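Fold and geometry: a report
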Amino acid sequence: MNKVIFHIDMNNFYASVECLLNPSIKNYAVAVAGDPNKRTGIILAKNYLAKVYGVKTGEAIWEAKQKCPTLITVAPHFDKYEEYSKRAHDIYYQYTDLIEPFGIDECWLDVTDSLKLFNCSPRELAERIQKQVKDELGLSTSIGISFGKTLAKLGSDMKKPMGLTEITPENHIDILKRLRIEDMIMIGKHTAKKLHNMNINSLYELYLQDTKFLCQHFGVIGEHLHNAVSGVDDD
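Everything in this summary refers to the structure shown in the same document.

About the criteria used
Residues numbered from 1 in each chain as written. Predicted model: local features only at pLDDT ≥ 70, side-chain atom pairs only at ≥ 80, totals over all residues. Heavy atoms only, no water. 1 Å grid on protein atoms, 1.4 Å probe; cavity = no way out; pocket = protein on both sides within 12 Å on 5 of 7 lines; lining within 4 Å. Points joined across faces, edges and corners; volume = space filled by probe spheres on them. Helix = DSSP H or I, 4+ residues; strand = E, 2+ residues; numbered from the N terminus. Nonpolar A, V, L, I, M, F, W, Y, C, P; charged D, E, K, R; others polar. Buried < 20%, exposed > 50% of the residue type's maximum accessible area, 1.4 Å probe, protein only. Contact = heavy atoms within 4.5 Å. Arc of directions from axis to C-beta.

**Regarding the layout of surface pockets**
Considered as a void within the structure, the largest pocket measures approximately 350 Å³ in volume. Along its surface, the largest pocket is lined by 16 residues, and Ser16, Cys19, Lys26, Asn47 and Ser140 are the ones closest to its centre. Of all elements in the fold, only helix H1 (13-21) and helix H2 (48-52) reach the threshold of two or more residues within the lining of the largest pocket. Class assignment for the residues of the lining of the largest pocket results in eight nonpolar, six polar and two charged. Here the second largest pocket defines a volume of roughly 220 Å³. What lines the second largest pocket is a set of 15 residues, and nearest its centre among them are Asn12, Phe13, Lys46, Lys51 and Asp105. For the lining of the second largest pocket, the secondary-structure elements that each account for two or more residues are strand E1 (5-10), H1, strand E3 (43-46) and H2. Taken together, the residues of the lining of the second largest pocket break down into seven nonpolar, three polar and five charged.

In C-alpha cells, the structure reads:
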C-alpha cells in the first residue's frame with residue numbers, strides 16, 4: 001500500500017502571526033523586517049498583499065518601500081513564532097506521532113495508519129487539520145497530500161493560501177508535466193542550470209530520464225532526484 005504523506009505549510013507564517021498580534025494591520029501590506037537604521041534592515045517575511053507589490057524576502061527595506069510606499073514594517077517576535085509553531089505541532093500530534101519538522105512553519109506528517117483510526121479519506125483528514133489550525137490558531141495552511149515526501153511538498157506549494165492539493169498515482173504524471181524543475185525542493189540553482197543544459201526543463205522530463213543516466217551526471221544525487229520525482233522514496 002502506498003504511504004499517505006502530508007506536507008503542511010503555514011502560509012506567510014511570520015507576517016500572519018504579526019497580524020494576529022496586531023489585528024489593525026491585517027488588511028495592509030505588511031513585512032517583518034530588521035532595524036532600518038542597522039545592517040539588519042532587510043525584509044525577513046511578508047504577507048500576500050506585500051507580495052502583490054513585488055516585495056521580496058531579503059531585499060532592503062528602502063527597496064521594498066519604493067515598490068510599496070504604504071508598506072507597514074514590524075519587528076520580528078521570534079518567541080511568538082516559536083509559540084505558534086509549537087501549538088500547531090500539538091494539533092498535528094493529535095493525528096499522528098510520525099512528524100518531521102522542516103523549519104519553524106512546515107512539517108511532514110505520515111498519516112498512513114491514521115486514516116484507519118479516523119475512518120476518513122486523506123482529503124477529509126487534511127481538511128480537518130486545516131480547519132482546526134484555522135479555528136484554534138487563526139492561521140491558514142496549505143497542505144499537499146501524496147505518496148512521497150517530495151511530492152507532498154510540491155502539492156503544498158501549488159495552492160496558497162488555504163490550499164489542498166492531492167498528488168496521487170493517478171494524476172502524478174499530469175501534474176509533473178505542469179511543473180518546472182525549479183519547483184522541486186531538491187533542485188537548487190546549480191542543479192537546475194545543469195539540467196536545463198541537458199534539455200531537461202520540466203519535472204516530467206526529469207521523470208522520463210534513466211536513473212543510470214542521471215547518476216552519470218550527478219552521482220548518487222541523480223538517483224535521489226529520480227526517486228523523489230517518481231514518488232518511490234520511502235523516507
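**Digging into the side chain of histidine 7**
Mapped onto the secondary structure, histidine 7 falls in strand E1. Overall, the relative accessible area of 0% leaves histidine 7 in the buried class. Setting aside residues no more than four positions away along its own chain, histidine 7 makes contact with Phe102, Glu106, Cys107, Trp108, Ser142, Ile143, Gly144, Ala152, Lys153 and Ser156.

**Focus on helix H9 (residues 189-197)**
Those residues of H9 not exposed but buried are Thr191, Ala192 and Leu195. Taken end-on, H9 shows its buried residues confined to a sector of 100°, consistent with a single buried face. H9 presents Lys189, His190, Lys193 and Asn197 as exposed residues on the side facing more than 90 degrees away from its buried surface. Directly beyond the C-terminal end of H9, a positive phi value near 65° is found at asparagine 199.

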